[in-house]
Amino acid sequence: MSRWHSLLGHVQFPIKLLFFATLLLGIGSAITNPVIADILWHVENENLLLFAELLKYIGGFTIQLIPFFMFIKILSRKFASNVPIIVGIAGYFIFLIVVMFIAESGDPAYYYESILGIGITETIDDVTTFFAPYRMGILPLFIVYWIVSYSYHKSRSHLMEGMFGFLDHDTYSMVIALLLCAGSAVLVGFVWPYVIDLMEICFELIASDTSNPMNLFYYGVIDRFGAVSGMQNISRSIFWFGEWGGTYLDSAGVKYMGDVSVWTYEMTAKLPATVGKFITPYYVINLFLMPAFILGYYSLVSSRKDKLRYLPFIILAIALTIVCGNALPMEFVMLILSPLLYVAYLLIVGILYATFSLLHVQIGYFFQDDLLYANPGSSLDLLQYIRLPDLYDSVIALLIVGLVAAVAFFFLTRFYFNKLAVGLFNMGNVAQYSDTVIRGLGGIDNLISVDHTPDKMTVALKDRSLVDFDELKAAGAYVILESKDGYLLRLGNCSTIIAREMIKQMEEKEHASMQTIEENAAVH
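Reading the values: the criteria
- Residues numbered from 1 in each chain as written.
- Predicted model: local features only at pLDDT ≥ 70, side-chain atom pairs only at ≥ 80, totals over all residues.
- Heavy atoms only, no water.
- Helix = DSSP H or I, 4+ residues; strand = E, 2+ residues; numbered from the N terminus.
- Buried < 20%, exposed > 50% of the residue type's maximum accessible area, 1.4 Å probe, protein only.
- Contact = heavy atoms within 4.5 Å.
- Pairing = 2+ DSSP bridges.
- Axes fitted to C-alpha atoms, helices over the stretch in contact; angles between N-to-C directions.
- Patch = residues over 30% accessible without salt bridge, like charges linked within 9 Å, V, L, I, M, F, W, Y side chains within 5 Å.
- Areas by Shrake-Rupley, 256 points an atom, 1.4 Å probe, with all protein chains shown as cover.
- Salt bridge = Lys/Arg side-chain N within 4 Å of Asp/Glu carboxyl O.
- Phe/Tyr/Trp six-rings, centres within 6.5 Å; stacked < 30°, edge-to-face > 60°.
- Lys NZ or Arg CZ within 6 Å of the ring centre and 35° of its normal.
- pLDDT = per-residue confidence, 0-100.

**Brief notes about the overall build of the protein chain**
Right, on to step 1. Counting its regular elements, the protein chain contains 20 helices and eight strands.
Right, on to step 2. Counting only C-alpha atoms and orienting by the principal axes, one finds that the protein chain spans roughly 100 × 75 × 45 Å.
Right, on to step 3. Here the protein chain holds 524 residues, and the buried ones make up 50% of them.
Right, on to step 4. Long-range pairs, those at least 24 residues apart, make up 69% of the contacts in the protein chain between residues at least 6 apart in sequence.

Structure, rendered in C-alpha cells:
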C-alpha cells in the first residue's frame, strides 16, 4: 500500500497545477457569467471579457490534461532515464490513434473524445464526418504505463546480438512498447463497444425514473467517480443536455433538453424552477464536504510549526472549492491519500442526491457554455438564487443539509486517520507497525519527540547514527528525509495512527521510569 501512497508525492506538482487551473477557470467563469454579473459586477470592457474567456479556456483545457501530466510525472519519478517518458508519450498517442481507426462510429458523440487534436474529418458526398478515439478516461494511461514499465525493464537484459542485435537497449524498449501499445489498443477497441452498452444500461436505469432516490444515488456515485477517472462528461452530456435529464417545451414550441439546459431557460425566462436534481449536491460538495475534509486533515497536524506553514494553503484550498466550485483537486488528494475515505465520500454524495430527491430540493446551474468550462456548485452560483423567493426554502434546506454533512464528514475524516487508515484487517497490528518503526529509529530510548500529520511524521532523535533505513522501509516508509528537526518519514495515511502509538509507548516508558525513581526514593 505504501507504493500507492507514494503516488501523492509523485503527482504533487500536477495537483498544484490543477489547483492553479481551477483558479483560472473560476475567475474566468465569474467574470463572464451573465447572472452573477447582474448581481455583483457588470463588465462591458471587451478586452477584459476576452481575457476572462482566455482564463476559462486555459483553466478548462489544463484540467482536462491533468491525468496526462500525472502520467508524465510518474514516469519521470520512476525512471532515471528520459527514454521511458518519450516512449510513454509516443505509446499513448499510438494507442489513441489505433483505437480511433477501429472504433465504431454509430454511438452518440459523447462516447468519443478528441485529445490533443487526435481526430480525422472525412467528407463523402457533401457529408462531413468527424472520427475520434473512444472516450476512455484514464484507462489508456494506465495501460501504457504498465507497458512502458515492462518494456523498459525487459530491454535492460536485451543482448545486442542475433537478428535484433543492431537495436540498442533504448530502441529495443521503444519497439517493444509501441508494438504492445498498438496490440492492446486493438483489443480495447474491440471490447469498448460492450463497455458502452453496459454504460447505456446503467444510464437508462437512472433515466427510467429520475424521481426515484435510489436512481439518483447511483447517478451521484457514477458522476463523482467519473470525475477522477476522466469519464464524467458522458453522464453530464446525457443528463445535463440530453432528454433523459428532463425536457421543457416553451410557448413557441422550442424544446429544451437536459437538467442544465432547462434550468438555464427557466432562470432566463424568470419561470418557476422545475429541474436541478442533477446539480443540487454539487453545492454541498463544494461549500461543505471539501472544506470539512480539508479542516479534518488540518486538525490532525500536531506541530504548531507545521500548522503555521500549512495555514495559507488550507485557506487557499477552502477558498478555491467554495468560490470556484471545483472539488476535483481535493478528490484526487483524497483518492490517493485515503482510498477508503474516498469510497465513503462517494457513498455520501450518493446519499445527498437521494436525500435532496426525498426533500424535493432542487437548485440547478445556469450554464450555456462547453462542458470544458463547467464548474457547478460555487458560492457565486448559489448567491444568485438566495434572492429568489421561489428558491429561498430550497436554499435554506440545502444549507442545513450541507452543515450536517460537513460536521459528519469532518469527524469521519478524523476517525479515518485516527482509527481506520491502517486498513480494516490490520487494526490489531498498529503496535506491531509502531514497534518496527521504533526499532528502525534506534529504539524507544532514542526518541525525543514525535510530530505528525495525516501523511507523515517528524521524529527528533538523540543519536541519528542508530537509524536503520532498511527497517524503516520495511515498515512502509517510502520517503525518509533528514532535517535539522530530525527525520521526516512518509508512511502514507497511517502516519497519525503509528505516531500516536509511538507517543503512547514513549509516555508509558516515561511513566515507568518515574515510578521506578519514586520506588527507589521510597526505599532509601
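Still more ground to cover, so stick around.
**Describing the sheet that holds strand S8 (residues 486–490)**
Right, on to step 1. The antiparallel open sheet is built from four strands, whose spatial order is S5-S6-S8-S7. The open sheet has two free edges, formed respectively by strand S5 (447–453) and strand S7 (479–483), since each of these has just one partner strand. The mean angle between the axes of side-by-side strands here comes to 20 degrees, regardless of whether they run parallel or antiparallel.

**Brief notes about a nonpolar patch on the surface**
Right, on to step 1. On the surface, Tyr392, Ile396, Leu399, Ile400 and Val404 cluster together to form a nonpolar patch covering roughly 440 Å² of accessible area.
Right, on to step 2. Structurally, Ile400 can be placed in helix H17 (residues 389–420).

**A few points about the pairing of S5**
Right, on to step 1. For S5 and strand S6 (residues 456–461), the ladder comprises six bridges, and the chain directions are antiparallel. Pairing of Val450 across the sheet is with Val459, part of S6.
Right, on to step 2. In textbook terms, the turn of a hairpin is the stretch between consecutive antiparallel strands, and for S5 and S6 this stretch comprises two residues.

**Notes on the packing of aromatic side chains**
Where two aromatic rings form a pair, the distance of their centres and the angle of their planes describe that pair.
Right, on to step 1. Scanning the entire structure with this criterion turns up 32 aromatic pairs.
Right, on to step 2. Centroid distance Tyr219 to Phe239: 5.3 Å. Interplanar angle 75 degrees. Geometry classified as edge-to-face. Here Tyr219 is found in helix H9 (residues 213–229), whereas its partner Phe239 is found in helix H10 (residues 232–240), with 20 residues between them in sequence. Across this residue pair, the class does not change: Tyr219 and Phe239 are buried.
Right, on to step 3. Cluster of aromatic residues (ring-pair linked, three or more members): Phe68, Phe69, Phe71, Tyr92 and Phe93.
Right, on to step 4. A cation sits over an aromatic face here: Lys56 above Tyr373, 5.0 Å from the ring centre.

**Some words on the confidence of the model for the protein chain**
Right, on to step 1. Scored by pLDDT, the protein chain comes out at a mean of 87, with 92% of its residues at no less than 70.
Right, on to step 2. Highest mean pLDDT in the protein chain belongs to helix H12 (residues 280–299) (96); lowest belongs to helix H1 (residues 2–5) (60).

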